[in-house]
Amino acid sequence: MLGSVVVSSEEIDGMIRRLASEIEADLEGRSPVFIGVLKGCVFFLTDLTRRIRHSLEIDFIQVSSYGASTTSSGSVVLVKDITVDVRDRDVYLVEDIVDTGTTLTDVIRLIEARHPRSIQVVSLLSKPSRRQVDVEIAFLGTEIEDLFVVGYGLDYAELYRNVPEIHVLETP
Ligand code: IMP
């Protein structure tokens, strides 16, 4: 069940405004493709890109991990691939949260194989204390503690994604 609010709707909105202006400043002269990592990215990607006044393309990728605690780099299965040709394009990879960093590392590897000009990570949340693989986050909303959080796209067993703010998940 939902516990206390970790990031309010107002805070999310403020972060998105800041990130959109940081990214806009970075977009000068670029040919950007925003690739969302499904499903957690959906609300973040749509709210973020609506605030960016620059021509851009949007695509999605979905991966699933082989499973829980044994997850390590190279362990993801591609569930849905991108359809845009990213060769020589500037990719902004949009994630909801970076936890251990393994998912993102694998997704970056999959996209790098298609020879983009650049790849930069945009993430709403990061749990640095959980990191196992070093990942550079070029544009970050905020760091959080080692808590399992849900809402604003983040799920527990596919539930709570539609909750407008981010809560800690409490087990009854
Ligand atoms: P990583 O590979 O450990 O960095 O995990 C990244 C993925 O795990 C995220 O894209 C989320 O789908 C999921 N995840 C990690 N932490 C949380 C959390 O606190 N709440 C919900 N999902 C999470």
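Everything that follows concerns the structure shown earlier in this document.
Here is a short report on the structure shown in this document. (Residues numbered from 1 in each chain as written. Predicted model: local features only at pLDDT ≥ 70, side-chain atom pairs only at ≥ 80, totals over all residues. Heavy atoms only, no water.)

In this section: the sheet that holds strand E3 (residues 57-65). Read from one edge of the open sheet, six strands run E4-E3-E2-E5-E6-E7, paired in mixed fashion. Strands with a single pairing partner mark the edges of an open sheet, and in this sheet they are strand E4 (76-80) and strand E7 (139-143). Shown here is a sheet whose adjacent strand axes are inclined to one another by a mean of 30 degrees, direction ignored. In the sheet, strand E5 (residues 90-98) pairs with strand E6 (residues 118-126) via eight bridges, with the strands oriented parallel. If you follow Tyr92 over to E6, its bridge partner there is Gln120. (Pairing = 2+ DSSP bridges. Helix = DSSP H or I, 4+ residues; strand = E, 2+ residues; numbered from the N terminus. Axes fitted to C-alpha atoms, helices over the stretch in contact; angles between N-to-C directions.)

Judged by nonpolar contacts, the single largest core of 25 residues is most densely connected at Ile23, Phe44, Leu48, Val122, Leu125 and Ile166. When contributions to this core are tallied by element, the ones reaching two or more residues are helix H1 (9-26), helix H2 (42-50), E5 and E6. Among the elements that make up this core, the one with the highest residue count is H1 (six residues). Not counting chain neighbours up to four residues away, the residues in contact with Phe44 comprise Ile16, Leu19, Val94, Glu95, Val122, Ser123, Leu124 and Tyr152. Among the nonpolar cores identified, the runner-up in size contains 19 residues, and Ile61, Val63, Val91 and Val107 belong to it. (Core = buried A, V, L, I, M, F, W, Y, C linked by side-chain atoms within 4.5 Å. Buried < 20%, exposed > 50% of the residue type's maximum accessible area, 1.4 Å probe, protein only. Contact = heavy atoms within 4.5 Å.)

Sheet architecture is open: three strands sit in the order E1-E9-E8, paired in antiparallel fashion. Only two strands of the sheet have a single partner each, and these edge strands are strand E1 (2-7) and strand E8 (149-150). Bridge count for E8 against strand E9 (residues 166-169) is two bridges, and the pairing is antiparallel. Note that in E9 the partner of Val149 across the bridge is Val168. Lying on the sheet, H1 is in contact with E1 and E9; it crosses E1 at an angle near 35 degrees.

Moving on, we come to the packing of aromatic side chains. Considering all chains together, one arrives at four aromatic pairs under this definition. A ring pair is formed by Tyr92 and Phe139, whose centres lie 6.3 Å apart and whose planes are at 35 degrees; its orientation type is tilted. One end of the pair, Tyr92, is in strand E5; the other, Phe139, is in strand E7, and 47 residues separate them in sequence. As far as burial versus exposure is concerned, Tyr92 and Phe139 are alike and both buried. Ring plane angle 80 degrees and centroid distance 6.2 Å describe the contact between Phe148 and Tyr156, whose orientation is recorded as edge-to-face. These aromatic residues form a ring-pair network of at least three members: Phe34, Tyr92 and Phe139. (Phe/Tyr/Trp six-rings, centres within 6.5 Å; stacked < 30°, edge-to-face > 60°.)

With that settled, the discussion passes to the site of the ligand. As a structural note, the neighbourhood of the ligand is formed by 15 residues, with Thr100, Gly101, Thr103, Lys127 and Val149 the closest of them. Asp96 places a side-chain nitrogen or oxygen 3.1 Å from an oxygen atom of the ligand. Asp99 places a main-chain nitrogen or oxygen 2.9 Å from an oxygen atom of the ligand. For the ligand, the accessible surface in isolation is 490 Å², of which the surrounding protein chains cover 82%. Among the elements of the structure, E5 and helix H3 (102-112) are those that each provide at least two residues to the shell around the ligand. The element best represented in the shell around the ligand is E5, accounting for four residues. (Near = heavy atom within 4 Å. Polar contact = N/O pair within 3.5 Å; in protein donor to acceptor, adjacent residues only side chain to side chain. Areas by Shrake-Rupley, 256 points an atom, 1.4 Å probe, with all protein chains shown as cover.)

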